Amino acid sequence: MRLLVLHGPNLNLLGQREPGLYGCSTLAAIDASLARQAEGLGVELESFQSNHEGALVDRIQQAGDRSGQGAADGIVINAAAYTHTSVAIRDALLAVAIPYVEVHLSNVHARETFRHRSLLADRAVGVIGGFGATSYRLALDGLVSHLREVR
Ligand code: CA2
């Protein structure tokens, strides 16, 4: 099983700014922890971060190319601000029809109203938020369980 973790804009700043909101872990530390978790689960995992909407769309399309290097059976995605705005990322996820879990570090429903709307959530396998870096861990566990059930 090959899985992809996608991180959207500004998440490369994790651990350097706003630790009260997003925690102290760097993105590299989160990715390293997910890589260890994936090894324990017996799945392959690749992580990708971009500040650019088109680059995230390109990576999702690559994940959908079954015979290609970047193919994926499932996606964990924190699209960050694009969660609330990006029809392009939604369209790409639906086009490749790869099961995905939406993840957030913060509880977006306890924040500004504009963060309450997600363009990805209604077609996700599940949505997890509010647990900091642990949200990613829960999302990966949930996605692997889901894929093992449906296979
Ligand atoms: O809670 C989350 O994971 C979010 O996806 C984070 C996004 C935000 O726009 C979403 O509404 C919720 C923002 C990511 C910004 O990341 C930063 C990290 C460190 C310092 C500043 C920003």
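Above this note sits the structure.
Think of each chain on its own: its residues are numbered from 1, step by step along the sequence as written. Per-residue local features are limited, in this predicted model, to residues with pLDDT of at least 70; the limit for side-chain atom pairs, both in listing and counting, is 80 or more; totals at the level of whole chains, interfaces and linings are taken over all residues. Side-chain figures throughout are based on the complete set of non-hydrogen atoms in the structure, without hydrogens or water.

Engineer: What exactly am I supposed to notice about the site of the ligand here?
Structural biologist: Proximity criterion: a residue is near a molecule or strand once any of its heavy atoms comes within 4 Å of it. In the vicinity of the ligand lie 17 residues, with Asn-78, His-84, His-104, Leu-105 and Ser-106 positioned nearest. In protein, a polar contact requires one atom able to donate a hydrogen and another able to accept it; more generally it is a pair of N or O atoms within 3.5 Å, and residues adjacent in sequence count only if both atoms are side-chain atoms. Between an oxygen atom of the ligand and a main-chain N or O atom of Ala-81, the distance comes to 3.4 Å. When the ligand sits alone it has 510 Å² of accessible area, and the protein chains cover 94% of it. For the shell around the ligand, the class distribution of residues is nine nonpolar, five polar and three charged. Computed with a 1.4 Å probe, the accessible areas rest on the Shrake-Rupley method; for each residue, only the protein chains presented here act as cover. Throughout this entry, Asp, Glu, Lys and Arg are counted as charged residues, while Ala, Val, Leu, Ile, Met, Phe, Trp, Tyr, Cys and Pro are counted as nonpolar. The remaining residues, Gly among them, count as polar.

Engineer: I would appreciate a short explanation of the environment of Ala-63 in the present structure.
Structural biologist: Going along the chain from the N terminus, every DSSP run of H or I of four or more residues is numbered as a helix, and every run of E of two or more is numbered as a strand. The residue Ala-63 is located in helix α3 (residues 53-63) in this model. Expressed as a C-alpha distance, the spacing of Ala-63 and Gly-23, which sit 40 residues apart in the sequence, is 29 Å.

Engineer: Just to check I follow, could you spell out the pattern of salt bridges for this structure?
Structural biologist: Pairing between side chains of opposite charge can happen when the charged atoms of each approach one another. For salt bridges, the criterion is a side-chain nitrogen of Lys or Arg within 4 Å of an Asp or Glu carboxyl oxygen. This structure, assessed with the given rule, holds four salt bridges. A salt bridge links Glu-46 to Arg-59, with the nearest nitrogen and oxygen atoms 3.2 Å apart. Highlighted residues: Glu-46 in strand β2 (residues 44-49) and Arg-59 in helix α3, separated in sequence by 13 residues. Burial classification: accessible surface area is computed with a 1.4 Å probe over protein chains only, and a residue below 20% of its type maximum counts as buried, one above 50% as exposed, and the rest as partly exposed. Relative accessible area serves as the criterion here: at 38%, Glu-46 is assigned to the partly exposed category. In this structure, the salt-bridge partner of Arg-111 is Glu-112, at a minimum N-O distance of 3.9 Å.

Engineer: What is the right way to read the nonpolar core from this model?
Structural biologist: Note on soluble globular proteins: their nonpolar side chains tend to be buried together. Of all hydrophobic cores here, the largest spans 21 residues; its most connected members are Leu-3, Val-76 and Tyr-136. Every element with two or more residues in this core is listed here: β1 (2-7), α2 (27-41), β4 (100-104) and α5 (133-150). Only heavy atoms enter the contact rule, under which two residues are in contact if any of them lie within 4.5 Å. Those residues within four positions of Tyr-136 in sequence are excluded, and the remaining contacts are Val-5, His-7, Leu-11, Ile-30, Leu-34, Val-76, Asn-78, Val-103 and Leu-105. By nonpolar core we mean a set of buried residues, namely Ala, Val, Leu, Ile, Met, Phe, Trp, Tyr and Cys, connected to one another through side-chain atoms within 4.5 Å. In this structure, Ile-75, Ala-92, Leu-120 and Ala-124 belong to the second largest nonpolar core, which totals 19 residues.

Engineer: Would you mind going over the pairing of β1 with me for this structure?
Structural biologist: A regular strand carries its side chains on alternate faces of the sheet. With five of six residues buried, β1 is to be regarded as a mostly interior element. Here, a strand pair is defined by DSSP locating no fewer than two bridges between the strands. Of the strand pairs in this sheet, β1 and β2 are connected by six bridges, and their pairing is parallel. Each residue of the ladder has a partner; that of His-7, found in β2, is Gln-49. In this structure, β1 lies alongside strand β3 (residues 74-78), joined through five bridges in parallel fashion. Following the sheet pairing, His-7 is matched in β3 by Asn-78.

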